[in-house]
Structure formats: structure tokens, C-alpha cells
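Observations on chain architecture
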Amino acid sequence: MHLDPFELHRPTSVEETVGLARSLAGRFDYLAGGTDLLPNYKMHLNLRPHLVALEAVPELTGHSLERLGAMSRLADLERDPALAAAWPALADALREVATPLVRASGTVGGNLLVETRCFFFNQSYFWRASLGFCLKADGDRCHVVPQKTTCYATFSGDLAPALLVGDAEVEIAGPTGRRRIPLTGLYDAGGDGIRRLTLQPGELLVAVHLPPRARGRRGRYLKLRVRPAYDFPELGVAVAGRWDGDGRVQELRLAVGGAEPHPRTFDDLTAPLEGQRLNDARRAALGEEVARRVRPVHNTFLVPEYRKKMVAVFVRRALAQAEEGRAA
Amino acid sequence: MTASDPVADEPLTLLGGRIPYVEGPLKVTGRAEYTDDIRRPNQLVGRLLRSPWPHARLVSVDLREARALPGVAAVLTGERYPTPFGVLPITHDETAIAVGKARYQGDIIAAVAAEDERTAELALEKIRFEVAPLPEYADPEAGTRTVAEPIHARGLAGTNIQKEVVQHFGDVDAAFAKAAHQVRVRGSFAGVTHAFTEPLVTIAEATPDGRLTVWSATQVPHYLHRALSEVLGLPMHRIRVVKPEVGGGFGGKSDPLPHEIACAALSLETGRPVKMLLDREDVFYTNHGRHPTRNDVRIAVDGDGRILAYDVEALIDGGAWSSFGTVTTYYNGVLAMGPYRVPNFRYRGRRVYTTKPPSGAMRAHGGTNIRYSIEVALDQLAERLGLDPFELRARNALPPNSTTVNEFRITSTSFLKCLEAAKRASGWSEKFRKLPFGRGVGLGCGFYISGSNSPIHFTPKMPQSTVHLKVDMDGGIAVHSMQADIGQGSNTLLAAIVAEVLHVDLARVHVQRVDSDVSPIDLGSYSSRVTFMMGNAARSAALQLRAALVAGAATLLGIPPSEVEVGHERFTPRGRAEPAVTFEQALHQAMEKVGALTATGAYQTRPAGGSFKGARAGTAPAYSFSAYVAEVDVDVETGDYRVPKVWAAFDCGRVLNRLAVEGQIEGSVHMGLGQVMGESMNYRASRMLNPSLLEYKIPAPQQMPEVEILLVGDADPEGPFGAKEAGEGPLIATLPAVANALYDAIGCRFTELPITPDRVVRALEERRKEGRPWKGA
Amino acid sequence: MGSDDRVSFTLNDRPVQAACPPERILLDLLREELRLTGTKRGCDLGTCGCCTVLIDGRPTLSCLTLARLVEARSVTTIEGVSPAQGLSAVQRAFVELGATQCGFCTPGFVMTATALLREHPHPSRSEIEQAISGNLCRCTGYLAIVRAIESAAGSAP
Ligand SMILES: Cc1cc2nc3c(=O)[nH]c(=O)nc-3n(C[C@H](O)[C@H](O)[C@H](O)COP(=O)(O)OP(=O)(O)OC[C@H]3O[C@@H](n4cnc5c(N)ncnc54)[C@H](O)[C@@H]3O)c2cc1C
Ligand code: SF4
Ligand code: FES
Ligand code: FES
């Protein structure tokens with residue numbers, strides 16, 4: 001399988017990168033590890049004539065306990081015990097992404113921005129042409145929920161939920177300068193499987209910032225998939241929190257990915273639990289409520305009724321396991 | 001073995017041990033040569049245009065634009081070589097490139113050869129077909145009735161039925177009437193596919209001397225040879241088929257496949273070498289996976305649990321072509337005839353064409369799905385009778401040297417030993433129904449053919465396997481045969497048998513690449529026939545060579561040949577250490593006047609089976625037997641389960657290469673587990689939804705159980721050194737063992753494969769709804 | 001890199017330079033241009049690991065790597081880990097313990113295993129399973145592969 005020709009750019013600074021982005025407006029993609037983009041390109045999904053490779057931009061690489069450069073390779077993060085201790089949910093998620101071979105190339109930035117997925121989208125050009133193209137690439141209808149405006153492709157990155165419960169922020173550089181926003185703000189809650197991000201044209205993800213106030217929360221990320229390797233999440237539940245000596249919740253965060261076009265947090269449900277002790281009933285009630293809100297559709301391997309049911313189980317388990325887990 | 005067989009009583013020195021693959025060092029260094037590693041000078045790239053329509057009449061085609069594209073060497077459609085072919089001589093309904101209509105999404109409708117990949121693909125885009133869409137037939141059930149547009153004209157009377165088999169032995173209705181218990185299982189099986197790692201690939205090179213050479217990733221070089229000749233209209237002797245190293249097959253490379261012929265056609269057209277390498281997606285469409293199947297199995301037993309009758313129906317989704325389908329249709333019934341004695345048997349099997357990728361032979365072809373339903377049914381019967389599942393099976397075991405009701409000749413069977421070994425090793429009695437809720441053990445058994453008595457193409461008068469040996473001054477022994485090593489280790493076995501008979505170093509024996517110009521015919525790797533048939537042929541060839549060497553040694557020693565003792569690489573007078581003649585000395589003596597020594601060995605099955613229609617289906621010179629116990633551990637909330645351990649008791653006759661046999665069993669457990677746990681070709685109507693290794697769920701290393709292998713077989717009287725088969729049979733018992741273990745664990749029966757976690761959760765809910773408690777839960 | 005359609009890198013410890021348009025995939029460069037055919041193509045989409053090579057010592061999928069982006073880096077293929085004479089400890093163990101059947105996945109596994117043992121000379125069974133979980137083998141059921149890696153870990157390098 002070959003790639004169609006494109007022009008390859010290899011900037012060496014954020015400024016140069018953003019400058020290129022301006023001049024190539026709308027005709028390029030950023031290339032990080034390429035483990036998401038290149039398979040999609042091989043399947044002729046939304047090709048652009050230019051690729052801007054990010055691996056030579058020093059500011060994007062490297063990581064610490066406070067900052068993950070967008071180009072940090074998952075395999076490097078996975079091997080950092082201090083990071084794992086400080087951010088346990090993230091450590092769980094890192095180990096669950098794809099396969100070790102994919103993680104050798106895959107980056108944090110690419111993972112947060114990974115293309116949404118659908119059985120009718122992640123197919124070859126031949127396959128899609130034969131059924132009829134869909135809204136998300138080359139077409140004007142949806143094969144999952146028959147209508148012509150909304151795409152239900154699933155956000156399938158593993159790191160986002162784990163970073164959301166760490167109150168992560170993202171640093172973004174664009175033609176108009178830099179900004180820093182909470183990670184929640186990266187995903188367009190009002191959008192769909194196509195319009196899923198709040199990034200402006202040409203904007204570059206520079207780094208993920210991990211606020212010290214959230215460091216050392218106990219945490220857990222649980223992933224539903226058919227096999228313990230390869231598979232994208234059919235559901236991903238992350239939990240992080242602190243408990244006092246009495247087992248009372250001091251702070252609690254919960255996020256769900258792999259089920260809808262964007263990952264979600266549930267602060268309105270977790271905030272009221274602060275100051276309380278969690279027991280099986282409370283955990284179960286929270287799980288049920290989250291499950292009620294999450295609406296998967298049938299565009300992945302496992303049926304949506306099951307995935308929805310598992311939301312409740314995974315939330316309950318993640319809460320219990322996070323609480324049991326050792327704090328940093 | 002014959003009385004004059006001098007090695008029959010000698011102890012084995014090499015065979016029986018763990019013999020690393022002879023080509024192993026090449027494989028681990030990347031030096032083994034697979035088809036895609038070959039590049040011929042001035043080679044073109046071949047590409048296929050595939051039908052985007054599930055079913056359509058091809059009304060007209062415009063090739064002008066594609067042909068005009070610079071760099072395009074040839075564009076072909078089906079009319080150029082329309083002769084139908086197929087692996088079975090009686091069902092030639094495939095074409096290299098579709099003629100007149102396309103029958104599934106993925107059917108090949110045109111082929112292009114061009115200077116490079118991009119040009120070839122551009123050319124495909126420029127081919128313009130005008131088509132008339134035809135009705136899509138995704139459901140085999142619907143195809144059993146009269147349809148508006150049969151997929152093939154040869155279907156049964158206006159339907160899409162490709163083959164119907166109706167058999168009745170004894171009196172099934174009478175048996176059911178007097179049965180103490182009966183049970184019924186309706187199984188439903190998703191299609192699964194081989195998913196070998198090496199994609200399908202072929203290189204064809206027509207040369208100015210009027211010959212055509214084809215290198216291909218195939219398990220059946222000889223059948224490919226015949227198909228090429230038939231479709232291309234060239235005499236076989238002008239075609240040369242070469243089989244490089246093959247990266248796995250499992251049945252997926254056991255048909256001559258259309259792309260192989262299309263590739264050759266492009267080479268003939270252009271006079272240049274053409275390479276055709278299929279994408280992974282194309283492999284899913286092209287190779288003929290295990291049939292999606294529904295079966296309906298009823299079993300009657302008497303009060304002691306003795307089987308009185310089977311009544312079996314099967315509805316088999318054939319996809320667009322016949323392939324091995326006629327055999328499949330028989331096998332889904334007749335492979336129910338072991339490992340138990342079944343005095344009355346009725347079967348109705350129908351294989352129906354659908355507008356889906358063709359189904360064909362996959363490891364343990366025809367024996368897997370039917371076995372699943374039977375073994376699950378027996379588990380239910382045992383429970384009903386209050387009998388231990390082992391006891392129920394032992395009571396019904398086919399005895400050695402018996403004949404089944406449909407006239408299969410059973411010679412050796414160590415099935416009872418398999419049962420004993422699996423029961424003991426697994427600690428069954430302490431576990432069955434005694435493990436806590438969520439954990440369980442289950443028993444599944446199997447049997448399989450060790451080769452087929454009916455060779456596909458030739459009359460039974462021709463041998464099924466021939467092996468040539470040649471040894472010259474250098475003392476190296478060249479072995480030629482068209483047997484196809486696809487990773488199962490047949491090259492190693494071939495070399496080892498020769499080395500064993502001659503008592504020489506394995507390093508002296510060189511198995512040559514399969515090349516139809518020089519390799520004598522062996523029918524290839526399918527139906528688990530190679531060890532048995534090639535093994536016997538090799539043994540016989542080596543015995544002849546041995547006789548010549550012994551004669552040479554006898555001359556040098558000045559004693560009669562009958563007084564010569566064959567030692568390792570040396571010959572001595574019987575019972576004495578001296579004087580000794582080396583292998584080379586004996587060889588050179590034997591070569592005087594005649595030059596290089598050669599020998600030919602052949603194997604031919606003896607006639608078998610009854611005289612009724614279809615009687616030969618399933619007849620084999622020997623059968624393997626198995627009894628597996630699986631243990632499972634279920635997460636009863638998520639439905640996720642692990643299989644921590646499998647005890648695999650297997651009767652492959654005498655074990656010749658323990659390393660290879662164990663490798664086949666472990667690999668089979670993995671593949672069987674795949675079909676149970678998650679592998680399935682999913683469809684929306686007749687379009688495959690998951691033609692990728694990401695969405696086709698082959699189990700990961702972490703999902704593999706520990707496998708304890710118990711090889712308990714006695715030597716088979718006719719197998720080479722007593723061996724039978726271990727390539728396919730070991731898969732079968734895995735599936736029901738896991739399903740029955742799930743029942744022991746959670747009290748739920750599963751009749752639909754794969755058993756994915758969502759199905760487990762649903763089953764648990766249903767059981768609770770029925771108010772049927774299990775192990776206190 | 002600009003308009004110069006070339007790539008320079010270290011391949012199996014030797015500097016190489018090759019013509020290379022931007023869209024060329026490393027696997028294609030290795031197999032088709034440089035004719036190092038030990039690295040296999042099983043899926044082209046990151047799902048089989050047959051194409052595994054080491055980039056700066058880490059096992060990486062060459063089918064998902066743009067060749068131009070290995071500029072100035074070090075690439076090791078199966079040809080580069082095979083000794084001039086005989087076999088490496090990993091390779092020997094693969095042969096002797098039956099961890100190679102059809103052999104098509106084997107170069108990829110050898111690369112993964114070689115890198116694993118450099119990083120963890122004595123990996124646990126679950127570390128091995130995890131490390132090889134991006135390499136697909138359809139023949140062996142992985143058990144012999146795990147045993148071979150354990151055995152290679154136990155023997156001298
Ligand atoms: C077989 C296989 C299995 C997989 N399984 C999983 C899985 O289980 N879980 C999972 O989460 N992922 C999975 N993936 C997807 C992917 O490998 C990972 O998400 C990976 O982290 C993506 O990172 P990357 O650097 O390779 O992204 P790339 O492919 O380089 O980029 C992904 C997208 O992000 C954009 N992008 C990347 N970096 C930036 C940046 N700094 N600024 C702006 N835009 C940017 C790119 O333009 C592109 O659109 C799998 C992939 C494969 C091939
Ligand atoms: S959800 Fe609908 S529109 Fe979106 S990718 Fe799937 S089929 Fe296309
Ligand atoms: S060829 Fe690269 S992962 Fe399959
Ligand atoms: S040995 Fe055949 S795929 Fe691994």
C-alpha cells in the first residue's frame with residue numbers, strides 16, 4: 001500500500017511551524033508519530049497535499065512531571081516510573097494504547113487528537129465507495145444513524161480520559177499566538193464526529209500541562225476492548241481523586257471516552273460526593289447515572305447496549321480501585 | 001509394514017525426538033525466500049479491480065482510457081480467459097476474472113499490469129463498467145427457495161443451493177422412538193478466516209521459449225498447475241510452478257485462486273514478469289474461510305447413555321463460489337461419525353451460494369462446527385443422565401479396527417487413552433462442578449481425517465504422493481517432492497524420514513524447493529494428508545536407496561547384503577564394530593557404472609468406503625482422536641473470560657517430530673480459541689464489515705492458556721513409522737471444551753459463536769430471568 | 001530536508017543515502033529500494049508487526065514510518081542483528097524451541113525480542129507477553145515464542 005504524493009515539511013521551531021500552517025492554510029495535516037494519520041492516508045481518508053512533520057521541533061519533545069511535550073512518545077512516558085507514580089490513571093492508560101510497537105511512534109499530541117472512528121469510516125477507498133461515502137469523508141449521509149447532518153464517529157483515544165481526571169491543560173500555538181486551555185475545552189461538546197475539536201485552523205498542540213495540584217491523586221483507567229492488545233477502546237473510564245484518612249472524598253474526577261464523539265467529564269455528578277464516604281451503593285448509583293447519560297451507537301465491534309451497560313460497571317470498579325490504590 | 005521392511009524393527013534414532021526445522025536458521029535471519037522477496041528483471045506490477053457491487057450483471061466495459069494511460073502494459077477482463085475452474089473437478093464455477101456478472105463485493109472484474117503501483121491503480125480507476133444491479137443474497141436460508149436471479153446457473157433448480165446431501169443409515173426415527181433421552185442443539189457459527197501472516201502473492205513470467213513460470217504462495221502447487229493449464233489453454237508441461245517459502249496457509253492457500261491465474265494471464269499478455277501482491281483487505285475477500293454455518297443436531301441415547309442415533313441438519317453459507325464446498329457439505333455430516341459409535345445416522349446438508357466472499361477449506365475443514373454442536377449436546381446429555389462427561393464418552397468410544405455405520409474403516413484409535421490422560425492430568429474429578437461460580441472446566445473431544453482417500457484430480461490408480469531421492473559423488477541427498485511446507489514442518493519431516501531410514505546425519509539431506517519441472521507430484525498440504533502420504537512415499541524411496549548403499553557396502557566388505565548392518569553413517573558386518581565402511585565409501589562403490597543413485601517412492605491409498613453416493617467423502621487411511629479439557633475463569637459482570645489452561649490429549653499415532661506436533665497443537669488451540677472468543681467475519685447484508693487484522697479479533701498472546709500436551713497415541717499400522725496427523729485435528733476439541741467449561745462456570749449454554757463478552761452477559765441475564773440458579777449464584 | 005529528495009541514515013551500522021520521495025514508507029525503502037527483504041510486509045497498517053525494525057534501538061513499525069523521517073537516525077533490520085556466522089542467542093532459541101513455523105512473522109519477533117532483552121535482560125513472562133503483543137503470529141499460538149525468549153534470556157548474549 002503506497003501513499004499518494006505530498007509535500008513534506010520539517011520545521012524546527014514552533015514559530016516556523018505555525019508560519020507554515022498559515023501559508024498552507026487548509027491544505028495540510030500535522031504529522032506526529034503518524035500511527036493514526038498514515039493508516040488513514042493509506043485508506044485515502046481526507047488526504048491533504050502537504051504534511052508538516054513535527055518531530056524536529058525541540059519545544060514539542062521531552063516531558064517532566066508537569067509538562068508533556070506534544071511529541072512525547074508514549075513508549076518513553078510508559079517507561080518513566082516517576083510519571084507513573086504521580087499520575088496513576090495516565091500510567092494505566094499508557095499501557096493500554098494499541099501495542100508496544102505503535103506506542104514506540106505514537107505521541108501524546110496525536111493521541112489526544114486521534115481521528116474519531118467508525119466501522120463505515122475506517123475502511124479503504126474501495127470499501128467506502130462501494131457502500132456509498134459517508135459524511136465524514138467524501139459523502140453526504142451517515143450509515144449508522146440514517147440522516148444527513150450529524151456524524152457519530154467515536155472518540156477512541158485512551159489518554160484523554162486519564163488526562164482529564166488530572167485536570168490537564170493544553171498549550172496551543174496558532175497563527176494568532178499562544179493560548180492555554182483546560183483539556184476539556186479542546187473537545188467541542190456541541191460538535192459531532194467530524195466537528196469535534198475547538199482548534200482553529202492551523203493551530204498546533206504544543207504541550208499538555210499537568211497541574212501540581214492534581215499530582216498524586218489516586219487514579220485508575222479501565223478500558224473495555226475485545227483483546228488486551230491492538231484494540232481501540234470500546235469504552236474507557238478514568239477516575240482520580242483524593243480521600244482523607246477517614247475515607248472521605250476530598251476531590252473526585254471522572255471521565256469517559258471511547259463511547260461518543262468526544263470524551264466527557266462528569267463534574268456535576270462527582271462534586272456532590274466530596275466530603276462523603278463512597279460505598280458500593282454510592283459507587284453503583286454514580287455508575288448508573290453516568291451510564292444513563294452516555295450514548296454509544298453501533299459503529300464499533302461490540303454492540304452499544306453492552307457498552308452502555310459496561311459504563312456502570314467500569315465506573316463502579318474504577319472508583320473502588322482508585323480508592324484502594326496507593327497515592328503517590 | 002511389509003515383511004521385507006528392514007527398518008520396521010529398528011529403534012528410532014532421530015524421529016520421535018524434537019527436530020528443529022531444517023530451514024529454521026533461514027527463517028530467523030530473514031533469509032528464507034518468500035514469493036514477495038523475489039523480483040524478476042523488468043517486472044510489472046499487477047493489480048485487480050474488484051466489484052463494488054454485491055451482485056451485478058456486467059453489461060459493458062470501456063477499457064480505452066485505462067489502456068491509453070502511459071505505463072499501462074495490459075488490461076484484461078474476464079472474456080479473455082473465460083474457462084471456469086475450481087479445486088474440485090465436479091464444480092468448476094470460478095473464473096480468473098468475472099465473466100458476465102459479479103457475485104460479491106470484492107469479486108475480481110478486471111486486471112491491470114503496469115510499470116508501477118500508482119500507474120496500475122490509476123488505470124483501475126479509469127476502467128468504466130456499465131452494470132445492471134442484481135438482487136443481493138446474504139441469507140443462505142432465503143437461497144434455499146426459488147430466487148429471482150440465481151447466483152449461478154448451476155444452482156439446484158432455480159435456487160441458490162450449490163450442493164445438497166441427504167444420507168440415512170439405519171433407522172433414525174425408530175431409534176428416537178425408543179430413546180430414553182434426547183437432546184437438540186442448534187448451533188450458529190460466524191464465518192472465520194485463516195489470516196495467515198503472509199498475504200497472497202504470485203509472480204508469473206512468460207518467456208520467449210514459450211514457457212510460463214509461476215511462483216506463488218500456495219499450499220497446492222499441483223492443483224494450481226492444473227488450473228493454470230485449463231484456464232490459460234497451455235499444456236501443463238509448458239507451465240512451471242514454483243513454491244517458495246510460504247507464510248502460513250491453514251487452508252487459505254489450498255484452492256487455486258483467481259488472482260494467481262489473472263497474474264499469469266497478464267504475463268502472457270505482456271510477455272513480461274508480473275507480480276501480484278494482495279492487500280490485507282483483498283486477502284479477506286479472496287481466500288476461502290470457514291463457512292458461516294447453522295446446524296441442528298439431535299442425539300438419542302438409551303438409559304445407559306449409549307448413543308442410538310444422530311439426526312443432523314446443516315445449512316452452510318458458501319459465498320459466491322463452490323470451492324471445496326461439495327466436500328464441506330459432506331463433511332458437516334459425515335465427520336460426526338467419530339469418535340463415537342453411532343448406529344443410526346441421518347443427515348441433510350445444504351450449501352447455499354450467497355453474494356459474499358467464497359467459503360472453503362479452513363483448518364479442520366468441515367469437522368469443526370458439527371463437532372461443536374455434538375460435544376455441547378453430549379455435555380447436556382451427561383448432565384441429564386447424571387453421568388460424568390468422560391464416562392458418557394468412554395461408553396460410546398469407537399473401538400479400534402471397526403467400521404462405522406457409513407462404512408468408514410477405523411484402524412488405530414487411542415481415544416480411550418486420550419480420555420484417561422485428559423481426565424487425570426486436568427484433575428477433573430476435583431474440579432468439575434466443584435469450582436466456585438465463575439470458574440469451570442469442560443470437556444470436548446474430536447476426531448479428524450489423516451488425509452483423504454479420494455485424491456481430487458487423478459484416478460485412484462495414480463499415487464497421491466511421490467518422492468524422489470538423488471545422491472551423487474558429493475554425498476548430499478537431494479529430496480524432491482511437490483509436498484508443500486507452509487510452516488507445519490513437512491520439509492523437516494521429509495528430511496528426517498530419509499535420514500532415519502538411511503541412518504545418516506540430517507545435514508546430509510537437502511529438501512529441494514517445490515518446482516513442478518523437477519518435483520514429482522504430491523497433491524499438497526490439505527486434509528492433513530502430508531505426514532501420512534508423503535511420509536510413506538519418502539520412507540519407501542529411502543528404503544530403496546538404502547538397499548543400493550547396503551549392496552555397495554556389501555561388495556566392499558565382501559559379505560552378502562543381508563549380513564550388512566547399517567550404523568550411523570557407516571556399515572559393518574552384522575554384530576561387529578569392524579571393519580567399517582563409511583557412507584561415502586559405500587556410496588561411491590554403489591555408483592560404479594550407474595552414476596548418481598536415484599530412488600522413487602510413492603504412496604497410494606487403498607480403496608475405501610461403501611458403494612452409495614458420496615461414500616468416499618470422509619474416508620481416510622487413518623483418523624486422529626482427541627480429548628481436551630479447558631478451564632475458564634469468567635468475570636461475571638463484564639462477561640470477559642480467560643482460559644488459563646487447556647489439557648490437550650491427542651492421538652496422532654506415533655509422534656515423529658515432537659517439536660512440530662506440539663507446535664501444531666499450540667497453534668491449533670490458539671486458532672480454535674479465536675473462533676470461540678472473538679473471530680468472526682461480520683457483515684452488513686453481504687458486505688464484510690471488518691476486512692482488517694484490527695477488527696478481525698485474533699487472540700493476543702496474553703489470552704493464550706497454558707497448554708499441557710498429552711500425546712498418547714499408539715502407532716498406526718499404516719502410517720509412516722506409525723504416524724497419523726496433527727495439523728488440523730488438534731483445533732477441533734478446543735471449541736466445545738471452552739463452551740462446556742463456560743457452562744460449568746456460569747450455567748449458560750452457548751450455541752452461537754463467537755462467544756463474545758456481550759453474549760456472555762446476555763446469557764447470564766437470561767439465566768437469572770429464568771430463575772435458574774447455578775452454583776449458588 | 002527541503003527539495004532534496006534523499007534520505008541519509010545509519011542502516012545496520014553503516015551510513016546509507018538513498019533517493020526517497022516524501023511519500024515513501026520506510027518498509028518500501030528497505031524492501032523495494034535497498035532490497036533488504038528480511039523485513040516482511042503482512043498488513044501495511046500497523047496491525048501485524050511483521051515489518052518491525054529498530055529505530056534508535058526501539059522496535060518500530062516500518063510500515064507506519066515515513067522513510068524521510070529516519071534522517072540521521074539509526075535503523076537496524078533483521079539483517080543487522082544476524083551475526084556473520086551462526087545465529088544470535090535469540091535466533092538460536094527460536095529455531096531450537098520451535099518458535100518459528102511458517103517464519104513470516106519471525107524477523108519481526110526477533111527484532112522485538114532482541115530489543116526487549118537489551119532493555120530487560122531477565123523479563124518476566126508477562127513482560128514478554130506484553131512486549132510481543134504487537135507482533136502477530138498465526139502459527140505458534142505464541143507459547144513457543146515466549147519460551148524461546150525466556151530461554152534466550154537465560155543464555156549468554
Ligand atoms: C493497530 C493500531 C491500534 C491502535 N490502537 C489504539 C488504542 O488502543 N488507543 C488509542 O488511543 N489509539 C490507538 N491507535 C491510534 C494511534 O496509534 C494513537 O492514538 C497514537 O497515540 C497517535 O499518535 P501519533 O503521534 O501517531 O498521531 P498521528 O497519526 O501523527 O496524528 C494523529 C492526528 O493528530 C494530529 N496531530 C498530531 N499531533 C499534533 C499536534 N501536536 N498538534 C496538532 N495536531 C496534531 C495529526 O494531524 C492527526 O490528525 C492505534 C493505532 C493503530 C495503528
Ligand atoms: S457515524 Fe456516520 S457519518 Fe460518521 S463516520 Fe460513521 S457512517 Fe460516517
Ligand atoms: S506490515 Fe507493518 S504492522 Fe503489518
Ligand atoms: S510462524 Fe507463521 S505467523 Fe508466526
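This one's a predicted model, so the numbers in the text were calculated from it and none came from an experiment. (Residues numbered from 1 in each chain as written. Chains lettered and ligands numbered in written order. Predicted model: local features only at pLDDT ≥ 70, side-chain atom pairs only at ≥ 80, totals over all residues. Heavy atoms only, no water.)

Observations concerning the overall build of chain B
The helix and strand tally for chain B stands at 20 helices and 32 strands. What you see for chain B is a C-alpha radius of gyration of 27 Å, in line with the 28 Å of a compact globule of 777 residues. Its C-alpha atoms give chain B principal-axis dimensions of roughly 85 × 75 × 50 Å. A separation threshold of at least 6 residues defines the contact pool for chain B, and within that pool the share at least 24 residues apart is 80%. Of the roughly 24400 Å² that chain B leaves accessible, carbon and sulfur atoms contribute 51%. Distance between charge centroids for chain B: 3 Å, based on 84 positive and 88 negative side chains. (Helix = DSSP H or I, 4+ residues; strand = E, 2+ residues; numbered from the N terminus. Rg over C-alpha atoms; globule rule 2.2 N^0.38 Å. Contact = heavy atoms within 4.5 Å. Areas by Shrake-Rupley, 256 points an atom, 1.4 Å probe, with all protein chains shown as cover. Lys, Arg positive; Asp, Glu negative; His and termini not counted. Charge placed at Lys NZ, Arg CZ, Asp CG, Glu CD.)

Quick word on the overall build of chain C
Tallying secondary structure elements over chain C gives six helices and five strands in all. Going residue by residue from the N terminus, the α and β elements of chain C occur as β-β-α-β-β-β-α-α-α-α-α. Against the globule reference of 15 Å for 157 residues, chain C gives a C-alpha radius of gyration of 16 Å, in line with a compact fold. Taken along the three principal axes of its C-alpha coordinates, chain C extends 50 × 30 × 25 Å. Burial statistics for chain C: of 157 residues in total, 66% are counted as buried. A separation of at least 24 residues holds for 56% of the contacts in chain C among residues at least 6 apart in sequence. Total accessible area on chain C stands at roughly 5100 Å², and carbon and sulfur atoms take up 49% of it. Within chain C, one finds 15 positive and 16 negative side-chain charges whose respective centroids are separated by 4 Å. (Buried < 20%, exposed > 50% of the residue type's maximum accessible area, 1.4 Å probe, protein only.)

Here we look at the interface of chain B and chain A
A common measure of how large an interface is: the accessible area buried when the components associate. At the junction of the two partners, chain B supplies 38 residues and chain A supplies 31 residues. Considering only the surface of chain B that becomes buried against chain A, Glu637(B), Leu689(B) and Lys697(B) emerge as the three largest contributors, covering 19% of it. If you look at where chain B meets chain A, you find six salt bridges. A salt bridge links Glu637(B) to Arg316(A), with the nearest nitrogen and oxygen atoms 2.5 Å apart. On the surface where chain B and chain A come into contact, there are 18 residue pairs in polar contact (both at pLDDT 80 or more). Of all the secondary-structure elements, those providing two or more residues to the side of chain B that touches chain A are α3 (117–125), α8 (280–286), β30 (687–688) and α20 (757–770) of chain B. Residue contributions to the side of chain B that touches chain A peak at four residues, all from α20(B). (Buried area = accessible area lost by both parts, 1.4 Å probe. Salt bridge = Lys/Arg side-chain N within 4 Å of Asp/Glu carboxyl O. Polar contact = N/O pair within 3.5 Å; in protein donor to acceptor, adjacent residues only side chain to side chain.)

A few points about the site of ligand 2
Cys118(A), Phe120(A), Phe121(A), Cys134(A), Leu135(A), Lys136(A), Cys142(A), His143(A), Val144(A), Cys151(A), Tyr152(A) and Ala153(A) make up every residue found near ligand 2. Tallied by class, the residues present in the shell around ligand 2 amount to ten nonpolar, one polar and one charged. (Near = heavy atom within 4 Å. Nonpolar A, V, L, I, M, F, W, Y, C, P; charged D, E, K, R; others polar.)

As for the packing of helix α3 (residues 89–96) of chain C against helix α4 (residues 106–119) of chain C
Residue and element names in this part refer to chain C. It is the contact of α3 with α4, at a shortest axis distance of 9 Å, that shows an interaxial angle of 130°. It follows from the interaxial angle that α3 and α4 lie oblique. In the crossing of α3 with α4, the sense of the turn from one axis to the other is right-handed. Between α3 and α4, the contacting residues are Val90, Gln91 and Phe94 on the first element and Thr106, Phe109, Val110, Ala113, Thr114 and Leu117 on the second. Here the contact of α3 with α4 is composed, by residue class, of six nonpolar, three polar and no charged. (Axes fitted to C-alpha atoms, helices over the stretch in contact; angles between N-to-C directions. Parallel < 35°, antiparallel > 145°, perpendicular 65-115°, else oblique. Left-handed = near helix turned anticlockwise from the far one by under 90°.)

Regarding the domain arrangement of chain C
All names here are of chain C. As far as domains go, chain C holds domain 1 (3–80) and domain 2 (89–152). Each of domain 1 and domain 2 has a C-alpha centre, and these two points are 21 Å apart. Contacts between the two partners involve 15 residues from domain 1, matched on the other side by 13 residues from domain 2. Our count for the contact surface shared by domain 1 and domain 2 stands at zero salt bridges. Across the side of domain 1 that touches domain 2, the residue classes break down as five nonpolar, eight polar and two charged. (Domains from an automatic or database assignment.)

So, unusual backbone geometry
Residue Pro579(B) is bonded to the preceding Glu578(B) through a cis peptide linkage, with omega at -10°. Following the sequence through the fold, Pro579(B) ends up in the loop between β24 (570–573) and β25 (581–582). Residue Pro754(B) follows Leu753(B) across a cis peptide bond; omega there is 0°. Its place among the elements puts Pro754(B) in the loop between β32 (752–753) and α20. With a phi angle near 50°, Ala195(B) is a residue other than glycine that sits in the positive phi range. Structurally, Ala195(B) can be placed in the loop between β8 (181–189) and β9 (201–207). In this model, Tyr142(C) sits at a positive phi of 70°, which is unusual for a non-glycine residue. The residue Tyr142(C) is located in the loop between α5 (125–131) and α6 (143–154) in this model.

A word on the pattern of salt bridges
Scanning all chains against the criterion turns up 103 salt bridges over all chains. Linking Arg178(A) and Glu59(A) is a salt bridge whose minimum nitrogen-to-oxygen distance equals 2.6 Å. Pair noted here: Arg178(A) is in strand β6 (residues 177–182) and Glu59(A) is in the loop between β3 (50–53) and β4 (67–69), with a separation of 119 residues, a long-range link. The exposure class assigned to Arg178(A) is partly exposed, which follows from its relative accessible area of 38%. Glu59(A) gets classed as partly exposed once you look at its relative accessible area, which sits at 31%. Notably, a salt bridge pairs Arg642(B) with Asp633(B), separated by 3.7 Å at the nearest N-O pair. Because the salt bridges share partners, they merge into one network encompassing Lys42(A), Arg39(B), Asp28(C), Glu32(C), Arg41(C) and Asp44(C).

Here we look at the site of ligand 1
Around ligand 1, a shell composed of 38 residues is seen, among which Tyr30(A), Gly33(A), Thr35(A), Leu37(A) and Thr107(A) lie nearest. Residue neighbours of ligand 1 fall on chains A, B and C, so the site bridges chains. Between ligand 1 and the protein, one listed contact pairs an oxygen atom with a backbone N or O atom of Ala32(A) at 2.8 Å. Within the contact set of ligand 1, an oxygen atom lies 2.5 Å away from a side-chain nitrogen or oxygen of Thr35(A). Of all the secondary structure elements, the ones that give two or more residues to the shell around ligand 1 are β2 (28–31), α7 (108–112) and β7 (204–209) of chain A. Its residues assigned to classes, the shell around ligand 1 comprises 20 nonpolar, twelve polar and six charged.

Focus on the interface of chain B and chain C
Chain B puts 50 residues into the contact, and the matching count from chain C is 44 residues. When chain B packs against chain C, close to 3600 Å² is buried across both sides, 58% of that on carbon and sulfur atoms. Of all residues in chain B, Val28(B), Thr197(B) and Pro701(B) bury the most surface against chain C, accounting for 19% of the area lost on that side. Inspection of the region where chain B meets chain C yields six salt bridges. On inspection of chain B and its partner chain C, the count reaches 17 residue pairs in polar contact (both at pLDDT 80 or more). A per-element tally of the side of chain B that touches chain C places helix α17 (residues 658–677) of chain B first, with seven residues. The residue inventory of the side of chain B that touches chain C, partitioned by class, reads 27 nonpolar, 14 polar and nine charged.

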